[in-house]
Amino acid sequence: MELIDGKKTSEILQDEIAQEVLTLKDAGGKIPHLAAILVGHDGGSETYVAAKVKACERVGFKSTLIRFEDDITEEKLLQSISELNNNADLDGFIVQLPLPKHISEDKIIEAIDPRKDVDGFHAVNVGRMVAGMPAFISATPFGILELIRRYKIETAGKNCVVIGRSNIVGRPMSILLSQKGFDCTVTLCHSRTKDLKGICQKADIIVAALGIAEFLTADMVKEGAVVIDVGITRVKSETTKSGWKLLGDVKFDEVAPKCSFITPVPGGVGPMTIASLLYNTLLSSKKEIYK
Ligand code: GUN
């Protein structure tokens with residue numbers, strides 16, 4: 001069994017991005033600039049956005065954090081997005097989700113200029129991704145593909161089971177793995193799937209992205225399978241200093257011995273998502289997606 005080290009791989013990818021920034025700078029080019037809108041004070045969102053800003057510093061990007069209280073109107077937020085769309089210095093921006101209930105996330109995402117949608121959430125980017133055209137691909141699927149590439153995991157003709165059909169992870173993951181270059185035979189499973197256990201038992205690759213802690217157990221996994229764990233559920237713990245620990249969607253201790261490759265939680269898929277966002281921002285600054 002080989003552990004897929006997402007933390008190390010993310011650092012390597014970030015170092016490569018930092019190197020490109022230096023090259024851009026030396027050539028007198030523009031420094032990539034990423035902005036993030038954070039609404040309210042959700043603990044998870046605060047942590048994620050702080051990590052994104054810190055990562056920008058690490059690779060030499062310019063970053064801008066725009067904060068609003070959670071009683072901001074949808075109209076005001078749309079106005080801010082319009083300003084960012086028109087800000088020529090910005091290569092990309094994200095609106096951290098979730099948003100307060102009185103604001104429509106769909107409306108907000110649709111208001112972002114697809115050319116600056118480095119989260120890859122806008123329907124134009126999703127559509128282009130489905131069509132196999134250049135597109136900003138959302139960070140988690142992109143990060144997983146990068147781990148698969150860098151660990152040289154064979155995918156052609158393999159049976160791949162994706163558990164979870166979210167717009168951000170499961171659905172794009174299932175499409176990308178079926179595309180030319182990855183060439184998997186993909187089954188996308190969800191809460192209404194019948195005989196999930198039987199389907200998983202036939203899988204060469206399993207991507208668990210359903211958001212239920214320790215859902216995937218050893219009896220569901222065949223010997224030699226590749227298991228990618230997207231889950232991050234925070235649970236109380238008496239054994240950690242903080243009093244909390246993170247659990248994935250995979251019962252790691254019993255599943256790992258059966259795997260050829262497996263991602264741990266934490267330190268697997270999670271760290272890759274930030275590197276992917278930076279990578280999309282770099283692509284945007286180099287006009288490599290939208291010419
Ligand atoms: N909330 C949780 N993950 C993400 C993400 O990747 N992007 C944004 N904008 N919000 C999130």
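In what follows, the structure referred to is the one given above.
Residues numbered from 1 in each chain as written. Predicted model: local features only at pLDDT ≥ 70, side-chain atom pairs only at ≥ 80, totals over all residues. Heavy atoms only, no water.

Undergrad: Quick question: what am I supposed to make of the packing of aromatic side chains here?
TA: The way to describe two aromatic rings as a pair is by their centre distance and the angle between their planes. Following the criterion strictly, the structure yields 3 aromatic pairs and no others. Their ring planes at 75 degrees and their centres at 6.4 Å tell us that Tyr151 and Phe261 sit as a pair that is edge-to-face. With Tyr151 in the loop between helix 6 (139-150) and strand 5 (159-163) and Phe261 in strand 11 (residues 259-262), this pair connects stretches of sequence that are 110 residues apart. When sorted by exposure, Tyr151 lands in the same class as Phe261, which is buried. Here Arg234 stacks its cationic end above the ring of Trp244, 4.1 Å away from the centre of that ring. (Phe/Tyr/Trp six-rings, centres within 6.5 Å; stacked < 30°, edge-to-face > 60°. Helix = DSSP H or I, 4+ residues; strand = E, 2+ residues; numbered from the N terminus. Buried < 20%, exposed > 50% of the residue type's maximum accessible area, 1.4 Å probe, protein only. Lys NZ or Arg CZ within 6 Å of the ring centre and 35° of its normal.)

Undergrad: Which parts of the structure should I look at to understand the sheet that holds strand 2 (residues 33-39)?
TA: The strands that make up a sheet pair up through hydrogen bonds in the backbone, lying either parallel or antiparallel. Strands sit in the order 3-2-4 across an open sheet of 3 strands; the sheet is parallel. Of all the strands in the sheet, just strand 3 (62-68) and strand 4 (92-95) have a single pairing partner and so form its edges. Across the sheet, the axes of successive neighbouring strands diverge by a mean angle of 15 degrees, strand direction being ignored. Where strand 2 meets strand 3, 7 bridges bridge the pair, whose relative direction is parallel. Note that in strand 3 the partner of Ala36 across the bridge is Leu65. (Pairing = 2+ DSSP bridges. Axes fitted to C-alpha atoms, helices over the stretch in contact; angles between N-to-C directions.)

Undergrad: Got a minute to help me understand the pattern of salt bridges in this structure?
TA: Once their charged atoms are close, side chains differing in charge can pair, the charge on each being opposite to the other. What the rule picks out here adds up to 13 salt bridges. Its salt-bridge partner being Glu146, residue Arg149 comes within 2.4 Å of it at the nearest N-O pair. Residue Arg149 and its partner Glu146 are both found in helix 6; the two are separated by 3 residues, about one turn of the helix. Judged by its relative accessible area of 42%, Arg149 falls in the partly exposed class. Take Glu146: its relative accessible area is 9%, and that puts it in the buried class. (Salt bridge = Lys/Arg side-chain N within 4 Å of Asp/Glu carboxyl O.)

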